[in-house]
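Understanding the architecture of this molecule
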Protein chains: 2
Amino acid sequence: MQAKEFLMIPGPTPVPDPVLAAICEHPMAHRSKEFSQLLVEVIKDLKTIAECDTDAFVFTASGTAAMEAAIANTISPGDKVLSLISGVFGARFAKIAEAYGASVERLESKLGEPISIDALKKKLSESKDIKVVTVTHNETSTGVLNDLQAIAQVIHEYGALCVVDAVTSYAACPLSFSKWKIDIMVTGSQKALMLPPGLSFVFVSEKAWQFHAKSKSPKFYFDFARYRKSLTEDTTPFTPNVSFVAGLKTALDMIKKEGFPMIYARHENLQKTLRAGVLGMGLKLFVKDQYASPTITSIVPPEAISVNTIRQSLKEKYQIRVADGQEELKSKIFRIGHMGYIFERDILMTLACLEAVLKDAGYHCPSGIGVGSALSSI
Amino acid sequence: MQAKEFLMIPGPTPVPDPVLAAICEHPMAHRSKEFSQLLVEVIKDLKTIAECDTDAFVFTASGTAAMEAAIANTISPGDKVLSLISGVFGARFAKIAEAYGASVERLESKLGEPISIDALKKKLSESKDIKVVTVTHNETSTGVLNDLQAIAQVIHEYGALCVVDAVTSYAACPLSFSKWKIDIMVTGSQKALMLPPGLSFVFVSEKAWQFHAKSKSPKFYFDFARYRKSLTEDTTPFTPNVSFVAGLKTALDMIKKEGFPMIYARHENLQKTLRAGVLGMGLKLFVKDQYASPTITSIVPPEAISVNTIRQSLKEKYQIRVADGQEELKSKIFRIGHMGYIFERDILMTLACLEAVLKDAGYHCPSGIGVGSALSSI
């Protein structure tokens, strides 16, 4: 017998059994009072988490689709878009904008570092006609948390539209859609919301609707206006994934029960504990403390031990799955996800197993040093 | 205690317990060998059902999204599109094409009737520059099955691209994507494939790729080329709904076990049995026998009994849900869905309960005449 596979990747993340149970209830009719009530409740809760005073919509699609919707609903061909890029997902936003005919400028950070606020100010003051700025709150490919509040403030002062990918930060660390003056924010189901992949969510400000009114990009399934109109009748414009909306209700109830200062503190604690353990084993962290993600930790393997060896051994010996680096960082780092239904004991387990597989591969460190360092840090 | 709600609507349809069980297994990592193997297997089976020799892709999105993908991947603004419209879903295809800047012509049938092949020939010979024709195989809003083979043949002879919505016909009645020379065909998970809503599927011909190469419509999440490229590595370009793909595998295994002449015969039998029972009760069918859908039956209520009364009573007294008409047909017909995991006993139950609620509402007919007529017809 083997242990159940444990997902310590940056999504999909572990799904609680009550959520799985809600999902596997027989699907309800989507044009029913029961579903309408469910939809209204989950949207209310999603907005509470986002601290959003305006609109929120549920898409039956992956997070990338919600990113595309943010572009399709706001720009017209030829519009100037600035994409802030600290990794693969920041770059994806730029590619989507280009697919819609935007003239895209890129402001890139070094891999493993966040966007510089000064560089952003400089860029915006030099390029006066930027209409939309795309921002990645938490860059999944590197494990960097950008300073969204400061970035949004600069974008707002400049008058551009602030469009944010919060896929791997939403419900895991503080953010305030309305107070921070974010205009569109997107997230997905398979991260801190503890569902399987299949739903995504968008939050839309009043200012974003002004851009929507002028946008000439074609859209139908992603058209915010269709979702807003349907929501006046407590429904969706197209057949939604009713099963996942039911699961989402259960997940949101669990989230509300834990409560928000606690959930944010838990994620911060997971990150700190993991980082302390990794450093204790003598490994190198890819991202500095001051901008380390609360949900994803990137680790540089010891010399002479490949990322592939570590990942394969963790999977085969302990049924724990961690992620490789992506693109330029492939085989250079491995990434441990710790968002959603993850607890201190899971971090300690992962550290213990990581130490074991490193030792199997010939690495030397004092026995138990990973877990020991983690425990000392708590 | 109340009986479990029984969905006799045109989707979502009843989901078999083994499919629900597969869905509520803990989600697997999407970049894993296990998921890749699953994906390759379901695509192979989906193509077998479609009799498709070319490409098939899985989208994490509703059926409408797949319809939009068919347009976004083939047309450029200004292209002439002919939409064959026998109801709400035919009209939706036209609206999507218009959202993408197409110059859309409409060929409409009367509600409750199919597209005339002669009218199609006339239209195509008059308008020489039509590039794409959209077709609804089975019109869900009326319960009419169009003669897809004949329609596709005419479109092919004319040289246009044949784009088909087979959402409520796929896996329920014979169709042959490659032999009939269909170019793009879309379907969804929550119909005869017996899953909840959340996945959709597209089939793509070689000719469609030629149109794709010339299309200037913006697309990213829906871009067929990204799905084709990822499939060369047995994966998807964006995080898919892994849980539903696992459920789909189970559903496809059940479908393969029943086998295809049998499944088509079962649906045909359900339709005939239901129609015989409805006529036996003295009600009027909205669609003539010769083009009646194998999966959806539209019924005109007796005078003085409203659609609302029938639907409410079936729901409250028997926990059976049937659908209203849509748009122009709202409150004029009710629709009974019978696709996927539906059997003769379900039709007999529905007829018996329909007779009971009609009698409660003051309708007179000999006791048991609905079920009796159905049984005599078998």
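Here the structure is a predicted model, which means the values were calculated and not measured.

We now examine the nonpolar core. Ranked by size, the top nonpolar core spans 256 residues in total, and within it Val133 and Val202 of chain A together with Val133 and Val202 of chain B carry the most contacts. Residue contacts for Val133 of chain A: discarding those within four places in its chain leaves Leu82, Leu84, Ile155, Ala160, Leu161, Cys162 and Val163 of chain A.

Rotating chain B by 180 degrees about the axis while translating it 0.0 Å along that axis superimposes it on chain A, leaving an RMSD of 0.0 Å. Given the turn and translation reported, the copies of this chain are related as if by a two-fold rotation axis. No C-alpha of chain B approaches the rotation axis more nearly than that of Ala61 of chain B, which lies at 2.3 Å. Of the residues that chain B buries at the interface, 100% are likewise interface residues in chain A, meaning the two copies contact each other through the same surface.

The next thing to look at is the sheet that holds strand β4 (residues 103-108) of chain A. Residues and elements named next belong to chain A. Reading across the sheet, the 7 strands line up as β2-β10-β9-β8-β5-β3-β4 and stay open at both edges, with mixed pairing between neighbours. The open sheet has two edge strands with one neighbour each: β2 (55-59) and β4. In this sheet, adjacent strand axes meet at a mean angle of 20 degrees when their direction is disregarded. Against the sheet, helix α4 (residues 88-99) contacts β3 (80-85), β4, β5 (130-136) and β8 (161-165), and its axis sits at roughly 165 degrees relative to β3.

Our focus in this paragraph is the interface of chain B and chain A. With 44 residues of chain B at the contact, the number on the chain A side is 44 residues. Of all elements in the fold, only α1 (17-23), α3 (63-72), α4 (88-99) and α9 (242-258) of chain B reach the threshold of two or more residues within the side of chain B that touches chain A. The element that contributes the greatest number of residues to the side of chain B that touches chain A is α3 of chain B, accounting for 4 residues. The residue makeup of the side of chain B that touches chain A, split by class, is 25 nonpolar, 14 polar and 5 charged.

Moving on, we get to the environment of Leu120 of chain B. Within the element layout of this structure, Leu120 of chain B appears in helix α5 (residues 117-126). With 38 residues separating them in the primary sequence, Leu120 of chain B and Leu82 of chain B have C-alpha atoms 9.6 Å apart.

Residue and element names in this part refer to chain A. Positionally, Ser189 belongs in the loop between β9 (184-188) and β10 (200-204). What makes Ser189 buried here is the crowd of 32 C-beta atoms within 10 Å. Apart from the residues within four sequence positions on either side, Ser189 is in contact with Leu195, Pro196, Pro197, Gly198, Leu199, Ser200, Phe244 and Leu248.

A word on the packing of helix α10 (residues 260-280) of chain B against helix α13 (residues 369-377) of chain B. Residues and elements named next belong to chain B. Running from N to C, α10 and α13 cross one another at 140 degrees; their axes reach a closest spacing of 7 Å. When the axis of α10 is compared with that of α13, the two are oblique. Note that α10 runs across α13; the crossing there is right-handed. Across the interface between the two elements, Lys272, Thr273, Ala276, Gly277, Leu279 and Gly280 from α10 touch Ile369, Gly370, Val371, Gly372, Ser373, Ala374 and Ser377 from α13. Residues of the contact of α10 with α13, tallied by class, amount to 5 nonpolar, 7 polar and 1 charged.

Before going further, it helps to examine the domain arrangement of chain A. Residue and element names in this part refer to chain A. We note that the domain assignment places domain 1 (6-12 + 259-377) and domain 2 (17-256) within chain A. Relative placement of domain 1 and domain 2: their C-alpha centres are 28 Å apart. Taken together, the contact between domain 1 and domain 2 spans 25 residues of the former and 26 residues of the latter. The set of elements that each furnish at least two residues to the side of domain 1 that touches domain 2 consists of α10 (260-280) and β12 (296-300). Partitioning the side of domain 1 that touches domain 2 into residue classes produces 13 nonpolar, 9 polar and 3 charged.

Attention now moves to the pairing of β4 of chain A. Residue and element names in this part refer to chain A. Bridge analysis of β3 against β4 gives 6 bridges, and the strand direction is parallel. Bridged to Leu82 within β4 is Glu105. In terms of handedness, the path from β3 via α4 over to β4 forms a crossover that is right-handed.

Moving on, we come to the sheet that holds strand β11 (residues 284-285) of chain A. All names here are of chain A. With respect to topology, 4 strands assemble into an open sheet ordered β11-β12-β15-β14, the strand pairing being antiparallel. Looking along the sheet, the strands with just one partner apiece sit at the ends: β11 and β14 (323-324). Taken together, the 2 bridges between β14 and strand β15 (residues 334-337) define a ladder with antiparallel strand orientation. Across the sheet, the residue bridging to Asp324 is Phe334, located in β15. Relative to β12, α10 is tilted by about 10 degrees, and along the sheet it contacts β11, β12 and β15.

Procedures and definitions
- Each chain has its residues counted from 1, running along the sequence as written.
- Whichever chain is written first is A, and whichever ligand is written first is 1; the rest continue in order.
- Side-chain atom pairs in this predicted model are given and counted only at pLDDT of 80 or more, local residue features only at pLDDT of at least 70, and totals for whole chains, interfaces and linings cover all residues.
- Connectivity within a nonpolar core runs through C-beta atoms within 7 Å, and the core itself is a set of buried Ala, Val, Leu, Ile, Met, Phe, Trp, Tyr and Cys residues.
- Exposure is read from a count of other C-beta atoms within 10 Å of each residue's own; the residue is exposed at 12 or fewer, buried at 20 or more and partly exposed in between. C-beta atoms are placed from the backbone.
- We call two residues in contact if the C-beta atoms placed from their backbones are at most 7 Å apart.
- When the copies are superposed, the least-squares fit draws on C-alpha atoms of residues that have pLDDT of at least 70 in both.
- In this analysis, strands are considered paired if DSSP registers two or more bridges between them.
- Where helices and strands are cited, they refer to DSSP runs of H or I of at least four residues and of E of at least two residues respectively, numbered from the N terminus.
- To obtain each axis, a line is fitted to C-alpha atoms, and for helices this fit is confined to the stretch in contact; angles are then taken between N-to-C directions over 0 to 180 degrees.
- Under the convention adopted here, Pro, Cys and the residues Ala, Val, Leu, Ile, Met, Phe, Trp and Tyr are nonpolar, Asp, Glu, Lys and Arg are charged, and Gly plus all remaining residues are polar.
- Orientation is classified from the angle alone, with under 35 degrees giving roughly parallel, over 145 giving roughly antiparallel, 65 to 115 giving roughly perpendicular, and any other angle giving oblique.
- By convention, the crossing between two helices is left-handed when the near helix turns anticlockwise from the far helix through less than a right angle, and right-handed when the turn is clockwise.
- Each domain's extent was defined by an automatic or database domain assignment.
- A crossover gets the label right-handed when its path from the first strand over the helix to the second runs clockwise, viewed with the strands pointing away from the viewer.

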